[in-house]
Amino acid sequence: FNFDVVDPKASQDYVKCFNNYSPGSKYEYCNLGYNMLGAIVEKITGVRFDLYVLENILSPLGIYGGFNVDMLDRTKFAQIHEYNSQDNSFKVQPAAYKSRAEELKNYRIGYTTPIFSATGGMKISATDLAKYMTMHMNYGKLGSIQIISEESSQLMQSEIINAGNNIFYGFALEHAYNLIPEENMVGHTGSAYGLYSAMFFEPEKKFGFVIISNGAADGYVEGFANIQRETIRVLYDYFIRYNE
């Protein structure tokens, strides 16, 4: 949760964080890259990352959530459990809701950003995540609210590079041709602390799915946890396929 690992002043091993090929020529997913994007937002706007997202994305869309747990109602938090297959047990994982109050006392714009985990630290309900998904499905617009331009939204959804397993990555959104047979699904997955989530939509046919699970086993097939793939396929069969 800091940039010391890539800072030449803080780490002698910083060079190990860089690859020997040019950007865009090969693919490797990197969580820290999204924290860097959060830091860039701060550098350009001068606004702390969590506050910028709240003021410019969440509030205009009428979404309750955020990256700062200290600004949210903790009574709404679901207790997260991580499944241990070795002894068939579940362990509570409170780290997802750790307060960052101490780190905020000495916050440095453009550097302390990773404490909010811009890569996946958003606390949000499935219903509100569906609002966010709908905004992307409508190319930057939810109702009468335009968050980003249609041009920028389409750019986010463009296929930049082959990530393998018939998945093509764009700007934070991927095209998954292996999630639902014969459907081009756009979105992203999430996993941490025992939680598995997914948000995927079909931009032309205008349907999508949001799932947030808890305590599931972590078996993966072609880039998706079993719970992500199978749940979305069941929802698709029930709500879309058999109703066409």
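All of these numbers come straight from a predicted model, not from anything done at the bench.

Enquirer: Which residues make up the overall build of the protein chain, and what values do they have?
Expert: The helix and strand inventory of the protein chain stands at six helices and 14 strands. Relative to the compact-globule value of 18 Å for 244 residues, the protein chain shows a C-alpha radius of gyration of 19 Å, a close match. Dimensions of the protein chain along its principal axes, counting C-alpha atoms only, are 55 × 50 × 40 Å. When burial is assessed residue by residue, the protein chain has 37% of its 244 residues classed as buried.

Enquirer: Provide a residue-level description of helix α4 (residues 126–137), including the pertinent values.
Expert: Compared with the 16 Å implied by 1.5 Å per residue over twelve residues, the 16 Å span of α4 between its first and last C-alpha is a close match. Among the residues of α4, those classed as buried are D128, L129, M133, M135, H136 and M137. Contacts from the buried residues of α4 go to α2 (49–61), β4 (123–124), β5 (141–142), α5 (150–156), β11 (195–202) and β12 (207–214).

Enquirer: Which residues make up the packing of aromatic side chains, and what values do they have?
Expert: For the structure on display, the rule yields 14 aromatic pairs. Between F77 and Y97, the ring centres sit 4.4 Å apart and the planes meet at 15°, which makes this aromatic pair stacked. With F77 in the loop between β1 (65–66) and β2 (81–84) and Y97 in the loop between β3 (89–92) and α3 (101–104), this residue pair connects regions lying 20 residues apart in the sequence. Y97 shares its class with F77; the two are buried. Ring geometry for Y238 and F239: centres 4.9 Å apart, planes at 80°, overall edge-to-face. Taken together, the ring pairs in this structure connect Y27, Y29, Y34 and Y169 into an aromatic cluster. Sitting over the face of the ring of Y107, R48 holds its NZ or CZ atom 5.9 Å from the ring centroid. The aromatic ring of Y64 is capped on one face by K76, whose charged end is 5.8 Å from the ring centroid.

Enquirer: Provide a residue-level description of a nonpolar patch on the surface, including the pertinent values.
Expert: On the surface, a nonpolar cluster with roughly 320 Å² of combined accessible area is contributed by L37, I40 and I44. Its place among the elements puts L37 in helix α1 (residues 31–45). According to the relative accessible area criterion, L37 is partly exposed, its value standing at 48%.

Enquirer: Would you mind going over the nonpolar core in detail, with residue names and values included?
Expert: Of all hydrophobic cores here, the largest spans 14 residues; its most connected members are L179, I180, M185, F200, F209 and I232. Of all elements in the fold, only β11, β12 and α6 (226–239) reach the threshold of two or more residues within this core. When residues of this core are assigned to their parent elements, the largest contribution, three residues, is made by β12. In this structure, L61, I63, A118 and M135 belong to the second largest nonpolar core, which totals eleven residues.

Enquirer: So what about the sheet that holds strand β8 (residues 167–169)? Which residues, and what values?
Expert: Within the open sheet, the six strands sit side by side as β7-β8-β9-β10-β11-β12. Their pairing is antiparallel. Each edge of the sheet is formed by a strand with only one pairing partner; in this case those strands are β7 (161–164) and β12. Shown here is a sheet whose adjacent strand axes are inclined to one another by a mean of 30°, direction ignored. α4 rests against β11 and β12 of the sheet, and its axis sits at about 150° to β12.

What counts as what
Residues numbered from 1 in each chain as written. Predicted model: local features only at pLDDT ≥ 70, side-chain atom pairs only at ≥ 80, totals over all residues. Heavy atoms only, no water. Helix = DSSP H or I, 4+ residues; strand = E, 2+ residues; numbered from the N terminus. Rg over C-alpha atoms; globule rule 2.2 N^0.38 Å. Buried < 20%, exposed > 50% of the residue type's maximum accessible area, 1.4 Å probe, protein only. Expected span 1.5 Å × (residues − 1). Contact = heavy atoms within 4.5 Å. Phe/Tyr/Trp six-rings, centres within 6.5 Å; stacked < 30°, edge-to-face > 60°. Lys NZ or Arg CZ within 6 Å of the ring centre and 35° of its normal. Patch = residues over 30% accessible without salt bridge, like charges linked within 9 Å, V, L, I, M, F, W, Y side chains within 5 Å. Areas by Shrake-Rupley, 256 points an atom, 1.4 Å probe, with all protein chains shown as cover. Salt bridge = Lys/Arg side-chain N within 4 Å of Asp/Glu carboxyl O. Core = buried A, V, L, I, M, F, W, Y, C linked by side-chain atoms within 4.5 Å. Pairing = 2+ DSSP bridges. Axes fitted to C-alpha atoms, helices over the stretch in contact; angles between N-to-C directions.

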